[in-house]
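Chain by chain, the residues:
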Amino acid sequence: MNPHFSELLNYFLELKDSIMDFVYPPHCLVCGRYLSEKEKDLCEGCWNSLGIIPDPFCPNCKSFFSDEKSRCLFCSTDSNLLYVRSLGIFDDFYKVLIHKFKYKGKVSLGKKLSKKLGEEIRKDKRFSSFDFLIPVPLHPARKRERGYNQSEIMGEVISKDLGIPFLKNELKRIKNTKDQTKLNDEQRRKNVKDAFKVSFPEMIKDKKIILVDDVITTGATLDECARVLKDNGAKKIVGATLVLAVN
Ligand SMILES: [Zn+2]
Ligand SMILES: [Zn+2]
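Since the model is a prediction, treat every value here as computed from it, not as a measurement.

So, on to the environment of Leu133. Position of Leu133 among the secondary structure elements: in strand E2 (residues 132-135). Measuring from C-alpha to C-alpha, the distance between Leu133 and Asn176 comes to 23 Å, with 43 residues separating the pair along the chain. Sequence-distant contacts of Leu133, that is, excluding residues within four places in its chain, are made with Gly155, Ile158, Ser159, Ile164, Phe166, Ile210 and Val212.

Ranked by internal contacts, the top residues of the largest apolar core, which has 54 residues, are Ile209, Leu211, Val212 and Cys225. At the level of secondary structure, the elements contributing two or more residues to this core comprise strand E1 (84-89), helix H3 (92-103), helix H4 (107-123), E2, helix H6 (150-162), strand E5 (208-216), helix H9 (220-231) and strand E6 (236-244). For Leu211, the residues in contact, after removing those within four places along its chain, are Ile134, Val136, Leu222, Cys225, Ala226, Ile237 and Gly239.

In this section: H3. Taking 1.5 Å of rise per residue, twelve residues should cover 16 Å, and H3 covers 16 Å from first to last C-alpha, within 8% of that figure. Every buried residue belonging to H3 is among Tyr94, Leu97, Ile98 and Phe101, and all of these are buried. The arc that holds the buried residues of H3, viewed along the axis, is 95°, so those residues lie on one side. Those residues of H3 that are exposed and angled more than 90 degrees off the buried face are Asp92, His99 and Tyr103. If you follow the buried residues of H3, they end up packed against E1, H4, H6, E5 and E6. Gly105 sits one or two residues past H3 and shows a positive phi near 70°.

Here the focus is the sheet that holds E2. Pairing is parallel across the open sheet formed by four strands, whose spatial order is E1-E6-E5-E2. On the outer flanks of this sheet lie E1 and E2, each paired with one strand and no other. Here the strands of the sheet are splayed against their neighbours by 20° on average, with no regard to which way each runs. Both E2 and E5 contribute to a ladder of four bridges, which runs parallel. If you follow Phe132 over to E5, its bridge partner there is Ile209. Contacts from H6 reach E2, E5 and E6 within the one sheet, and its direction differs from that of E5 by about 130°.

Criteria and cut-off values
- Residues numbered from 1 in each chain as written.
- Chains lettered and ligands numbered in written order.
- Predicted model: local features only at pLDDT ≥ 70, side-chain atom pairs only at ≥ 80, totals over all residues.
- Helix = DSSP H or I, 4+ residues; strand = E, 2+ residues; numbered from the N terminus.
- Contact = placed C-beta atoms within 7 Å.
- Core = buried A, V, L, I, M, F, W, Y, C linked by C-beta atoms within 7 Å.
- Buried ≥ 20, exposed ≤ 12 C-beta atoms within 10 Å, placed from the backbone.
- Expected span 1.5 Å × (residues − 1).
- Arc of directions from axis to C-beta.
- Pairing = 2+ DSSP bridges.
- Axes fitted to C-alpha atoms, helices over the stretch in contact; angles between N-to-C directions.

Structure follows, in structure tokens:
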């Protein structure tokens, strides 16, 4: 999609939000309480009750790295993706929020959650000194359908927060893969195999990269992205997602 068109579309989605807010008094997306003028999307009570995960975790076995560790104690070999940090666990609360962000055009909510994730990452030494932020891409056909790529919106916000350049088009999705929700880990890995391509390998040579996506479940997608980046010369790859789905 033409980048200007996608920006314009985002603008209209947000405009639609404000018009709807004007017609129907805005209410909290989770508890339904009417919002005050200062609140947006979520009431303060719901916002403050968001569970936050304090540490990164291993994308393979999902064990958490406490005490500033940056290596999994249980997995013997390093994967392409070293560790991932998520804002919260994909519980019923986050399910509502991610659904509104991904499928209902609630871009403002996605930005708010991304800002929170950015703040958490900024406090974590294990996420300092990275060169680039790269979003997990959608296939162009899927992006056209949805109107935006939620990972791009996240990446833009987090990159401002961390002061790290955002490479929006470095990773491309060249296969329009099946929806992964009903697949098991092995099927997911097969599904995303060779689905991605690096645009300019010289850009990422010896660079440290934070990959951004909305949800990590088995880690198959993020791991395949990391593999392609690594095969093209990237030095270190970690991940940042809004939620961790534990299955
Ligand atoms: Zn609420
Ligand atoms: Zn592990």
